[in-house]
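# An overview of the molecular structure
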Amino acid sequence: MSAEEPLFRVVRGVPTAEELAALVGAIMVRTRPTTAPAPTTASAWARSGRPGSSRGWRAAGLPR
């Protein structure tokens, strides 16, 4: 693609300047790279129910 070649073109209809601006804005927002969400740590309550946990909720009802 050359520098003068448009990135996109309207093939049908005659959009107004406002419609073209809205289209360009939507394309720019859609193609903007997003940052990956920060990994969240599981709470102690969530970790207690996972397999391999010896002190989880399953063990809470067993005699000690």
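None of these values were measured; they are calculated from a predicted model. Per chain, the residues get numbers from 1 upward, laid out in the order the sequence is written. Restriction of local features to residues with pLDDT of at least 70 applies here, the model being predicted, together with a cutoff of 80 or more for giving and counting side-chain atom pairs; totals for whole chains, interfaces and linings are based on all residues. To get the side-chain values, take all heavy atoms of the structure and skip hydrogens and water.

## Details of the overall build of the protein
Strands here mean DSSP runs of E at least two residues long; helices mean DSSP runs of H or I at least four residues long; both are numbered from the N terminus. Of the regular secondary structure elements, the protein holds three helices and zero strands. The secondary structure elements of the protein, listed N-terminal to C-terminal, are α-α-α. Buried positions account for 3% of the 64 residues belonging to the protein. We call a residue buried when its accessible area falls under 20% of the maximum for its residue type, exposed when it is over 50%, and partly exposed in between, using a 1.4 Å probe and counting protein chains only.

## Remarks on the environment of Val-24
Structurally, the position occupied by Val-24 is in helix α1 (residues 17–31). Residue classification places Val-24 among the partly exposed residues on the basis of a relative accessible area of 35%. It is 9.5 Å that separates the C-alpha atoms of Val-24 and Phe-8, two residues lying 16 residues apart in sequence.

## Remarks on a nonpolar patch on the surface
Nonpolar side chains collect at one region of the surface, where Leu-7, Phe-8, Val-10, Leu-20, Leu-23, Val-24, Ile-27 and Met-28 lie side by side and expose about 680 Å² of accessible area between them. Inspection of the secondary structure puts Val-10 in the segment before α1. What makes Val-10 partly exposed here is its relative accessible area of 40%. Exposure above 30% relative accessible area and no salt bridge define the residues that can form patches, which grow by joining like charges within 9 Å and nonpolar side chains of Val, Leu, Ile, Met, Phe, Trp and Tyr within 5 Å. All accessibility values rest on the Shrake-Rupley procedure with a 1.4 Å probe; residue burial counts only the protein chains present in the view. Salt bridge, as used here: a side-chain nitrogen of Lys or Arg that lies within 4 Å of a carboxyl oxygen of Asp or Glu.

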